[in-house]
Amino acid sequence: MSESSGLGIVYLVGAGPGDPGLLTRRGAEVLRSAEVVVYDHLASARLLDLAPAQALRICAGKSIGHMTLSQSEINAALVEHARAGRRVVRLKGGDPFVFGRGAEEAEHLRASGVLFQVVPGVTAGVGVTAYAGMPVTHRDMASAVAFVTGHNDPEATDDHHRLDWSALARFPGTLVVYMGVTRLPSLCRTLIRLGKPDTTPAALVEAGTIARQRTVTGTLADLPERVAEAKLGPPALLIIGSVVDRRPSLRWFEALPLFGQRIVVTRPSDESDRAASVLEALGAEALIAPTVAILPLEDYTPLDTAIDGLSEFDWLVFTSANGVRHFLDRLEIRGRDLRAVGHLKLAAIGPATAEALAAWRLRADVVPNSYRSEALAAALAEQVAGQRVLLARADRGRTILKDELERLAEVIQVPVYRNTDAESLPPAIVERIAAGSVDWITLTSSAITERLHALLPDALRSQVGRSIRVASLSPVTTAAAERLGWTVAAEAQTYTWDGLVQAIAERVGKDRA
Ligand code: SAH
């Protein structure tokens, strides 16, 4: 564990109901500086990735309703780490103060003299209902909403936590019942018995706001049977009231082009976050499994020599966004600034690389139409003859660009970052593949394709291209996949991540049509 900051504090943070995009900005901010994260079962492991790599991660609950740590063990861990001067994030599903025992934890912290802050979250009653296309209030239909726990059996007579169900049966608005799926028949029966019309619209939403969201609608009378038929289970939210009828016109999440698709992202670690966001914005679930890691160089001598001698070059050529970032960062470390590249012509292999330049207010003079080494070499051929070209790239990869340009120009190739293989895939992702709960694997280069093939257990390799579809970034990548016996179901037309995502969306659209 890293040195502590000294100020021990616990942040009770609401993680939202599942979609990692529903974490608040404040929540993200405290996670990014956390030294310890104590988390419940969360739909998204992506939130944990926001915490620094060296932060201690403590899992308090394995799955909904099954805690790995008891409440007193959780309380003790929070106090212990805060007293040691650490910044602790207690990450809880939804909102910490809505059926989350957040208040109990906060009270324990206060009693122990530990500082705490509460960062509210999007509670399921608001987030899950919205993603399922049901407004909890509506000017014409519901002017009140009640959040209710269905944890206790309304038909049990000896329960001192018993809710006043006859008041709830008369409640003039929407009823949103948390933790109600196991007692659904009893809940519906009780409300009907106490006078709520059995024709009242009702819905159950399982795993709301994430790719496997499922919704069953009906009435108080027939919902339990329909839910049993569809085999819905926890976590699920019950919504009772006429707002359920708005769903046909308001459902938007399930209508997204990639809704329900579970897609493995094999991109290098530092690009996986952006890649995942593009997928999630279209309703997919992104499963992050980087096959290569981007790291700083071990030896900067060749790069530093090139930077010190920049005035002798005519061209600076980049073949990745990483190359741009690492080169310009190093320029700064060497005590130089953008004026050092002012006299140079700049080339970028594709739009993502050009965009990385643009982030530094630099415009690429050459971006080939087709984003590959051959095309870049061809685009440069006419312009670089007899000139000095600096090729800034990863420490490994195809050498075709250097080979082609060397026939015309003086080319110096320097590594600006290191591209290393991941030693293994995240176990959770391998489990998902083995369980058949993955729809797509994305491949964005030949190296990534080969690496993924090597990392996958023997038994799973043969599923790729069959039950799991393959999406490829370009014909070069497709060829690499086919050499390994993997059939490609979608290939990007524009050789970028966005192009690849579009190709998947088109394929999914065709299947649906
Ligand atoms: N503090 C949480 C609630 C914890 S109780 C919040 O504010 O949302 C757990 C219950 O919340 C589950 O049994 C279920 O009823 C509901 N819930 C949480 N996440 C959900 C999801 N993604 N989909 C459906 N229901 C969810």
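Residues numbered from 1 in each chain as written. Predicted model: local features only at pLDDT ≥ 70, side-chain atom pairs only at ≥ 80, totals over all residues. Heavy atoms only, no water.

Let us look at the overall build of the protein chain. Along its length, the protein chain carries 19 helices and 22 strands. Across its three principal directions, the C-alpha atoms of the protein chain cover 90 × 60 × 45 Å. Relative to its 513 residues, the protein chain shows a buried fraction of 51%. Partitioning the contacts of the protein chain with sequence separation of at least 6, the portion at a separation of at least 24 is 69%. (Helix = DSSP H or I, 4+ residues; strand = E, 2+ residues; numbered from the N terminus. Buried < 20%, exposed > 50% of the residue type's maximum accessible area, 1.4 Å probe, protein only. Contact = heavy atoms within 4.5 Å.)

What follows is about the side chain of Thr-149. Mapped onto the fold, Thr-149 is located in strand 8 (residues 145–149). Setting aside chain neighbours within four positions, we find Thr-149 in contact with Phe-99, Leu-163, Trp-165, Val-177, Tyr-178 and Met-179.

Here we take up the packing of aromatic side chains. Inspection of every chain in the model, using the stated rule, returns seven aromatic pairs. Three or more aromatic residues joined by ring pairs form one cluster here, namely Tyr-131, Trp-252, Phe-253 and Phe-259. Across the ring face of Tyr-300, the terminal group of Arg-330 is positioned such that the distance to the ring centre comes to 3.9 Å. For the cation-ring pair, Arg-388 lies above Phe-313, with the distance from its terminal atom to the ring centre recorded as 4.7 Å. (Phe/Tyr/Trp six-rings, centres within 6.5 Å; stacked < 30°, edge-to-face > 60°. Lys NZ or Arg CZ within 6 Å of the ring centre and 35° of its normal.)

Residues in contact with the ligand amount to 17 residues; listed here are only the nearest, Pro-17, Val-98, Thr-123, Met-179 and Ala-236. At 3.0 Å from a nitrogen atom of the ligand is found a main-chain nitrogen or oxygen belonging to Gly-93. The separation between a nitrogen atom of the ligand and a polar main-chain atom of Gly-208 is 2.8 Å. Calculation on the ligand without its partners gives an accessible area of 540 Å², and the protein chains cover 89% of this total. (Near = heavy atom within 4 Å. Polar contact = N/O pair within 3.5 Å; in protein donor to acceptor, adjacent residues only side chain to side chain. Areas by Shrake-Rupley, 256 points an atom, 1.4 Å probe, with all protein chains shown as cover.)

This paragraph deals with the sheet that holds strand 17 (residues 345–348). Strand pairing in a sheet relies on backbone hydrogen bonds, with the paired strands running either antiparallel or parallel. If you trace the five strands from one edge of the open sheet to the other, you get 15-19-18-16-17, paired in mixed fashion. For this open sheet the edge positions go to strand 15 (292–295) and strand 17, each flanked by a neighbour on one side alone. Strand-to-strand twist of the sheet, defined as the mean angle between neighbouring strand axes without regard to direction, takes the value 25 degrees. One ladder, built from four bridges, connects strand 16 (residues 315–318) with strand 17; its direction is parallel. Looking across to strand 17, one finds that Phe-318 is bridged to Ala-348. (Pairing = 2+ DSSP bridges. Axes fitted to C-alpha atoms, helices over the stretch in contact; angles between N-to-C directions.)

This part takes up unusual backbone geometry. Cis geometry marks the peptide bond from Pro-234 to Pro-235; its omega dihedral reads -5 degrees. Not every positive phi belongs to a glycine, and Met-179 is a case in point at roughly 55 degrees. Structurally, Met-179 can be placed in the loop between strand 9 (174–178) and helix 6 (184–193).

So, about the pattern of salt bridges. Scanning the model with the defined rule gives 30 salt bridges in all. Residue Arg-189 pairs with Glu-155 through a salt bridge whose shortest N-O separation is 2.9 Å. Note that Arg-189 is positioned in helix 6 and Glu-155 in the loop between strand 8 and helix 5 (165–170), a separation of 34 residues in sequence. Notably, a salt bridge pairs Arg-396 with Asp-421, separated by 2.8 Å at the nearest N-O pair. Of this pair, Arg-396 sits in the loop between strand 18 (388–394) and helix 14 (400–406) while Asp-421 is found in strand 19 (residues 410–421), placing the two residues 25 residues apart along the sequence. Using a relative accessible area of 32% as the deciding quantity, one classes Arg-396 as partly exposed. Of the residues examined, Asp-421 reaches a relative accessible area of 32% and is grouped as partly exposed. (Salt bridge = Lys/Arg side-chain N within 4 Å of Asp/Glu carboxyl O.)

Strand order in the open sheet made by the five strands is 8-9-12-10-11, with mixed pairing throughout. Either end of the sheet is taken by a strand with one partner, and the two such strands are strand 8 and strand 11 (214–219). With direction set aside, neighbouring strand axes in the sheet form an average angle of 20 degrees. By the bridge criterion, six bridges tie strand 10 (residues 201–206) to strand 11 in an arrangement that is antiparallel. Counterpart to Val-205 in the pairing with strand 11 is Thr-215. Sheet strands touched by helix 4 (residues 124–131): strand 8, strand 9, strand 10 and strand 12 (236–240). Its angle to strand 12, the strand with the most contacts, is close to 80 degrees.

What follows deals with the pairing of strand 18. Of all seven residues that make up strand 18, six are buried, and the element is covered over most of its length. Examined bridge by bridge, strand 16 and strand 18 share four bridges and lie parallel to one another. The residue of strand 18 that forms the bridge with Leu-316 is Leu-390. Of the strand pairs in this sheet, strand 18 and strand 19 are connected by seven bridges, and their pairing is parallel. Counted as the bridge partner of Leu-390 is Ile-412 from strand 19. The handedness of the strand 18 to strand 19 crossover, carried by helix 14, is right-handed. (Right-handed = clockwise from strand over helix to strand, strands pointing away.)

Axis separation between helix 2 (residues 71–83) and helix 3 (residues 102–111) bottoms out at 10 Å; the angle between their running directions is 45 degrees. The angle between helix 2 and helix 3 falls in the class oblique. You can see that helix 2 and helix 3 cross each other, and the crossing is right-handed. Side by side, helix 2 and helix 3 meet where Gln-71, Ile-74, Asn-75, Leu-78 and Val-79 of the first sit next to Glu-105, His-108 and Leu-109 of the second. Within the contact of helix 2 with helix 3, the residues separate by chemical class into four nonpolar, three polar and one charged. (Parallel < 35°, antiparallel > 145°, perpendicular 65-115°, else oblique. Left-handed = near helix turned anticlockwise from the far one by under 90°. Nonpolar A, V, L, I, M, F, W, Y, C, P; charged D, E, K, R; others polar.)

One can read the domain layout of the protein chain as domain 1 (3–122), domain 2 (126–255), domain 3 (262–291 + 423–512) and domain 4 (295–421). Taking only C-alpha atoms into account, the centre of domain 1 sits 32 Å from that of domain 3. (Domains from an automatic or database assignment.)

Two quantities define a packed helix pair, namely the angle between the axes and the distance from one axis to the other. The interhelical angle for the contact between helix 6 and helix 7 (residues 223–230), taken along N-to-C directions, is 165 degrees, at an axis separation of 9 Å. Taken as axis vectors, helix 6 and helix 7 run roughly antiparallel relative to one another. Like other packed secondary-structure pairs, helix 6 and helix 7 cross with a definite hand, here right-handed. Here Leu-184, Pro-185 and Cys-188 of helix 6 lie close against helix 7, whose contacting residues are Leu-223, Pro-224 and Val-227. Taken together, the residues that form the contact of helix 6 with helix 7 break down as six nonpolar, no polar and no charged.

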